[in-house]
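# Architecture and fold: a report
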Amino acid sequence: MSDHVVQIVQHLRPGGLECLVLDLTRRSRSRSTIISLEGTREESINAWPRLREFSDRILFMEKPPGLVPRLAVSLARTLTAIGADVVHTHHVGPLIYGGAAARLAGIAKLIHTEHDAWHLDARRRRFIVRTAMRAFRHLLVADAPNVAGQMNLHLGFENITVIPNGVDTNRFTPGNSRIARASLNLPLDVPMFGIAARLEHVKGVDILIDAMTEFPELHLAIAGDGSERESLIRRVDANGMAGRIHFLGRVDAMEDFYRALDRFCLSSRAEGLPLSLLEAQACGIPVIATNVGGVLDAMDPGSGFVAAKAEPAAVVDAIYGSLARIQVSNPRDFVMEHYSLDRMMIDYEELWHGNTPNQSSDMAAA
């Protein structure tokens, strides 16, 4: 396919949205470029070595903090210079700057994917997003039915296409847990739970740590970094749990992380359709997660267990429930059937090149 597809993101740091964009670029049959509004090439690649594979397909606008209206003009010039035919934006900043730039550059095909909807609870954010979508006339995509419903409720838009996130089931496969634990310097002969998340308030890692105080026999491996790292370490120390809570920082071989676990936990306060939940299940690991965003859509009902609320007591109940239940299905089969990267790629390729995927959802205006 000859169309040049340009995906625009706020930044390129390890995260679910960013990994999804890399996967789309790697597997696309189209010419494909990623533009990051923030950051520099050197800093971003040094912080996330996976980007080296994409170094010839990534551009950085080096946006400073705050509102920068002139960035839309610079971005439009960049889109024209590289011959962009399709602009695909992810999240709010790219929605605004990318939408304006695409229209200034005369690019007809403009697509926007919402990866979560919790930020639309804020009235000011709703106004900004609604205004941008009306002004630039994006084709709208949600990564889960729940996200599409919230977009309809808060923004009043129809014809939202639902394209569920997909994961690479050739990379994320079951494996030997002892080998995986050894590679991560984790203890070999203990029950191991794990969470992979940015260490930020919205991800609720503190909730899971508090819940783990009820299970002195369990260990917890934490993959990820963020602004709450030090406060979480202090929380662990204060609860006398330092010997069984393992902060791993950034983990590049995430397939080994999942393989090392007996259960994968996600204690988020808000989510879209979380890739980590799908990746863990693709590795054959049962999951426990709080009932937020698209979590129920992403969870195998025969092996997963949901916490009713994002609070320690509910997570404790869910852990007890998961440990007690008889697993009646293989979570990998669930991901293979519903959330493969191949299925997602087909749907996005169809959308980029003028067709509507089978998951299109025509929603009544609110």
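In this report, we go over the structure that sits alongside the text.

Cut-offs applied
- Residues numbered from 1 in each chain as written.
- Predicted model: local features only at pLDDT ≥ 70, side-chain atom pairs only at ≥ 80, totals over all residues.
- Heavy atoms only, no water.
- Helix = DSSP H or I, 4+ residues; strand = E, 2+ residues; numbered from the N terminus.
- Rg over C-alpha atoms; globule rule 2.2 N^0.38 Å.
- Buried < 20%, exposed > 50% of the residue type's maximum accessible area, 1.4 Å probe, protein only.
- Contact = heavy atoms within 4.5 Å.
- Areas by Shrake-Rupley, 256 points an atom, 1.4 Å probe, with all protein chains shown as cover.
- Lys, Arg positive; Asp, Glu negative; His and termini not counted.
- Charge placed at Lys NZ, Arg CZ, Asp CG, Glu CD.
- Core = buried A, V, L, I, M, F, W, Y, C linked by side-chain atoms within 4.5 Å.
- Pairing = 2+ DSSP bridges.
- Right-handed = clockwise from strand over helix to strand, strands pointing away.
- Axes fitted to C-alpha atoms, helices over the stretch in contact; angles between N-to-C directions.
- Salt bridge = Lys/Arg side-chain N within 4 Å of Asp/Glu carboxyl O.

### Concerning the overall build of the protein chain
A tally of helices and strands in the protein chain yields 15 helices and 14 strands. Computed over the C-alpha atoms, the radius of gyration of the protein chain is 21 Å, within 12% of the 21 Å expected from 2.2 N^0.38 for a compact globule of 366 residues. With respect to the principal axes defined by its C-alpha atoms, the protein chain has extents near 60 × 45 × 40 Å. Burial analysis of the protein chain (366 residues in total) assigns 56% to the buried set. In the protein chain, 71% of the contacts between residues at least 6 apart in sequence involve partners at least 24 apart. Accessible surface computed for the protein chain: about 15,300 Å², of which carbon and sulfur atoms make up 50%. For the protein chain, the centre of its 38 positive side-chain charges and the centre of its 43 negative side-chain charges are spaced 5 Å apart.

### Considerations on the nonpolar core
Within the largest apolar cluster, 84 residues are counted, with the highest numbers of intra-cluster contacts made by Met 151, Phe 257, Tyr 258 and Phe 264. Contacts of Tyr 258, omitting those with residues within four sequence positions, involve Phe 172, Ala 196, Phe 264, Ser 276, Glu 279, Ala 280, Cys 283 and Ile 285. Judged by nonpolar contacts, the second largest core, of 27 residues, contains Leu 218, Ile 222, Ile 245 and Val 315.

### Description of the pairing of strand β10 (residues 245-249)
By the criterion of burial, β10 is predominantly enclosed, with four of the five residues buried. By the bridge criterion, four bridges tie strand β9 (residues 219-223) to β10 in an arrangement that is parallel. Paired with Ala 221 across the two strands is His 246, which belongs to β10. Once the chain exits β9 it traverses helix α9 (residues 229-238) before rejoining the sheet at β10, and the crossover so formed is right-handed.

### Points about the sheet that holds strand β12 (residues 287-290)
Strand order in this open sheet of six strands is β10-β9-β8-β11-β12-β13, and the pairing throughout is parallel. For this open sheet the edge positions go to β10 and β13 (305-307), each flanked by a neighbour on one side alone. Sheet twist, expressed as the mean angle between neighbouring strand axes with direction ignored, is 20 degrees. Both strand β8 (residues 192-196) and strand β11 (residues 263-266) contribute to a ladder of two bridges, which runs parallel. Counted as the bridge partner of Gly 194 is Phe 264 from β11. Against the sheet, helix α8 (residues 205-212) contacts β8, β9, β10 and β11, and its axis sits at roughly 170 degrees relative to β9.

### Remarks on the environment of Arg 124
Tracing the sequence through the fold places Arg 124 in helix α5 (residues 123-136). Taking the relative accessible area as the measure of exposure, Arg 124 reaches 67% and is therefore exposed. Remark: the alpha-carbon pair of Arg 124 and Met 345, spanning 221 residues in sequence, is separated by 33 Å.

### Here we look at the pattern of salt bridges
By the definition in use, this model includes 15 salt bridges. Across the pair Asp 342 and Arg 27 runs a salt bridge whose closest N-O atoms are separated by 2.0 Å. You can see Asp 342 sitting in helix α15 (residues 341-352) and its partner Arg 27 sitting in helix α1 (residues 16-27), a full 315 residues away along the chain. Here Asp 342 falls in the partly exposed class, since its relative accessible area comes to 42%. Where Arg 269 meets Asp 206, a salt bridge forms, and the shortest distance between an N and an O atom there is 2.8 Å. Of this pair, Arg 269 sits in the loop between β11 and α11 (275-282) while Asp 206 sits in helix α8; the two residues are 63 residues apart in sequence, bridging distant segments of the chain.

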